[in-house]
Each structure stands twice: as structure tokens, then as C-alpha cells.
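Chain by chain, the residues:
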Amino acid sequence: MNELNRLLQILCDADIPFVIVGGFAGMLYGSSLVTCAIDLCAVLTDENVAKLRTALHDLKPVHRLTPQRLSFLDNPEPGVSVRNLYLQTDVGPVDLLTSITGVGGFERVNAKAIEIVLFGRRIRVIGLDDLIAAKEALGREKDLLAAKELRAIREAQHDGESG
């Protein structure tokens with residue numbers, strides 16, 4: 001978990017707008033399902049990709065879904081459009097997605113995100129309803145299990161607010 005925290009701090013300091021999504025967001029809401037990756041929704045402009053390369057440089061980022069484990073520092077070349085990035089770094093994996101299945105693109109995800117303070121930084125986290133929708137849309141067994149737990153968390157929050 002400390003490595004995920006360090007990775008998140010580095011990404012916060014990179015000045016790239018992002019919203020935490022996926023399992024790490026679930027953990028922030030109280031999910032018991034532990035994740036080993038940070039999933040983020042972000043706009044991957046040329047400028048943001050360059051900032052990301054600078055921020056992750058010392059962590060030796062590689063594309064983890066390529067058999068050759070190509071370095072993110074060199075691939076893709078500057079100016080090549082990027083939709084999603086699935087990176088492995090020395091402190092753990094990070095996935096940067098331009099849209100979230102079942103929810104939409106960054107603007108939509110960000111519009112309903114909540115803001116929390118984590119590591120002394122203001123960080124945006126996907127809204128609980130959107131996280132549940134995303135997990136259900138993915139439809140994998142582990143995501144459906146997460147959605148079920150997150151619905152229970154949402155119900156407990158509603159019960160606490162009305163009681």
C-alpha cells in the first residue's frame with residue numbers, strides 16, 4: 001500500500017488532472033477488496049503525456065501489456081495520440097484511461113467526482129454511484145462482487161444520513 005501511496009503522490013505532483021477510479025477508489029469508499037494498481041481517468045493530451053513521462057521517469061515505466069515491455073519514456077513517440085496507458089513502474093502498476101466503461105469520458109467522470117484530502121493533497125475520486133455503474137458495466141465476476149459491496153456501503157451511508 002505504501003508504494004501505491006507514493007505513486008499517487010508523484011502523480012498528484014505532476015499537475016495532470018485526474019480522477020481516481022477502480023479498485024483504489026473502492027478502497028477509499030471502504031471496500032474490503034484490495035487492489036495492487038491505481039486506475040485513473042485522465043485526459044491524455046500530448047502535454048499531459050509529456051508531464052507523465054517526466055513525473056514517472058525515475059520509476060522506469062514500461063507498457064505492461066506489450067510482450068517487449070517497451071519503455072513508456074520512448075513509446076509512443078511524442079505527438080502520437082494515446083487513448084489508454086497500462087504502465088508498470090518500480091512502485092507498482094498504474095492505468096490511465098480516457099473513459100470509463102458504463103460512465104463516460106473524463107469530463108463526465110470528473111463532473112460527479114468527489115474531492116478528498118489524501119497525503120495533504122486535494123484529490124478527485126469517482127462518485128460512488130458512477131463507480132458502481134462502472135463495475136456493473138464491466139461485468140467480470142470480481143467487478144460484480146465489488147459492485148455488490150459498494151451498493152451495501154452506499155446503503156449504509158444513506159441509513160446513517162437518515163438516522
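Just above sits the structure.
Predicted, not measured: the structure shown is a model, and the values here were computed from it. (Residues numbered from 1 in each chain as written. Predicted model: local features only at pLDDT ≥ 70, side-chain atom pairs only at ≥ 80, totals over all residues. Heavy atoms only, no water.)

1. Focus: the nonpolar core
Where we set the bar: What we call a nonpolar core is a set of buried Ala, Val, Leu, Ile, Met, Phe, Trp, Tyr and Cys residues that are connected through their side-chain atoms within 4.5 Å. Accessible area is worked out with a 1.4 Å probe on protein chains only. A residue is then buried under 20% of its type maximum, exposed over 50%, and partly exposed in between. Helix and strand assignments follow DSSP, with helices taken as H or I runs no shorter than four residues and strands as E runs no shorter than two, numbered in order from the N terminus. Residue contacts are defined here by distance: any two heavy atoms, one from each residue, within 4.5 Å place the two residues in contact.
Ranked by size, the top nonpolar core spans 48 residues in total, and within it Phe 18, Ile 20 and Leu 96 carry the most contacts. Among the elements that make up this core, the one with the highest residue count is helix α1 (residues 2–13) (six residues). Excluding residues that lie within four positions of it along the chain, Phe 18 makes contacts with Leu 8, Leu 11, Cys 12, Leu 40, Cys 41, Ala 42, Phe 106, Ile 123 and Arg 124.

2. Points about the packing of aromatic side chains
In plain terms, the rule: Put simply, two rings from Phe, Tyr or Trp (the six-membered ring, in Trp's case) pair if the centres are within 6.5 Å, and we call them stacked under 30 degrees between planes, edge-to-face over 60, tilted for the rest. For a Lys NZ or an Arg CZ to count as sitting over a ring, it must be within 6 Å of the ring centre and within 35 degrees of the ring normal.
Throughout the structure, instances matching the rule amount to zero aromatic pairs. Over the face of the ring belonging to Phe 72 we find Arg 53, whose NZ or CZ atom lies 4.8 Å from the ring centre.

3. A short note on the pairing of strand β5 (residues 92–97)
Spelled out, the test is: In this scheme, strands are said to pair when DSSP sees at least two bridges between them.
Burial analysis of β5 places six of its six residues in the buried class, which makes it a mostly covered element. Taking every second residue as pointing to the same face, both faces of β5 are buried, with Gly 92, Val 94 and Leu 96 on one and Pro 93, Asp 95 and Leu 97 on the other. Of the strand pairs in this sheet, strand β2 (residues 38–42) and β5 are connected by four bridges, and their pairing is parallel. Opposite Cys 41, over in β5, you have Leu 97 as the bridge partner. Note: strand β4 (residues 84–89) against β5, six bridges, orientation antiparallel. The residue bridging Asn 84 from the neighbouring strand is Leu 97, located in β5.

4. A few points about unusual backbone geometry
Note on backbone geometry: most residues besides glycine have negative phi, and most peptide bonds are trans. Between Asn 75 and Pro 76 the backbone carries a cis peptide bond, its omega angle lying at -5°. With respect to the secondary-structure elements, Pro 76 resides in the loop between β3 (62–63) and β4. The backbone of Asp 15 sits at a positive phi, close to 60°, despite the residue not being glycine. Summarising the element assignment, Asp 15 is placed in the loop between α1 and β1 (18–21).

5. Some thoughts on the pattern of salt bridges
One side chain can pair with another of opposite charge once the charged atoms of both are near each other. Basically, it comes down to this: In the sections that follow, a salt bridge refers to a side-chain nitrogen of Lys or Arg positioned within 4 Å of a carboxyl oxygen of Asp or Glu.
The final tally for this structure, using the stated rule, is eleven salt bridges. Across the pair Arg 64 and Asp 95 runs a salt bridge whose closest N-O atoms are separated by 2.5 Å. With Arg 64 in the loop between β3 and β4 and Asp 95 in strand β5, this pair connects stretches of sequence that are 31 residues apart. Between Glu 136 and Arg 151 there is a salt bridge, with its nearest N and O atoms 2.3 Å apart. With a gap of 15 residues between them, Glu 136 in helix α5 (residues 128–138) and Arg 151 in helix α6 (residues 141–162) connect regions that are remote in the sequence. The class of Glu 136 is partly exposed, set by a relative accessible area of 38%. Take Arg 151: its relative accessible area is 29%, and that puts it in the partly exposed class. One connected set of salt bridges, linked through shared partners, spans Asp 15, Glu 47 and Lys 51.

6. With respect to the packing of helix α2 (residues 22–29) against α5
What counts here: Axis definition: a line fit to C-alpha positions, over the contact stretch in the case of helices; interaxial angles, taken between N-to-C directions, run 0 to 180 degrees. Here the angle decides the label: under 35 degrees means roughly parallel, over 145 means roughly antiparallel, 65 to 115 means roughly perpendicular, and every other value means oblique. Crossing handedness: left-handed means the near helix sits turned counterclockwise from the far one by under a right angle, and right-handed means the same turn made clockwise. Gly is placed with the polar residues, together with every amino acid not listed as nonpolar (Ala, Val, Leu, Ile, Met, Phe, Trp, Tyr, Cys and Pro) or charged (Asp, Glu, Lys and Arg).
At a minimum axis separation of 11 Å, α2 and α5 run at an interaxial angle of 135°. In this view, α2 runs oblique relative to α5, as classed from their interaxial angle. Crossing handedness for the pair α2 and α5: left-handed. Here α2 contributes Gly 22, Gly 23, Ala 25, Gly 26 and Tyr 29 to the contact with α5, which in turn contributes Leu 128, Leu 131 and Lys 135. For the contact of α2 with α5, the class distribution of residues is four nonpolar, three polar and one charged.

7. Focus: the state of the cysteines
Linking two cysteines covalently through their sulfur atoms gives a disulfide. Note the threshold: The disulfide criterion used throughout: a pair of cysteine sulfur atoms within 2.5 Å.
In this structure the tally under the stated criterion is zero disulfides. The closest cysteine sulfur to the non-disulfide-bonded Cys 12 is located on Cys 41, 15 Å from its own sulfur.

8. Points about the sheet that holds β1
Here seven strands make up an open sheet; going across it, the order is β3-β4-β5-β2-β1-β9-β8 and the pairing mixed. The open sheet has two edge strands, β3 and β8 (114–118), and neither has a second partner. Inspection of the sheet shows β1 paired to β2 by four bridges, in the antiparallel sense. The residue bridging Val 19 from the neighbouring strand is Cys 41, located in β2. Strand contacts of α2: β1, β2, β8 and β9 (121–125), with the helix running at about 75° to β1, the strand carrying the most contacts.

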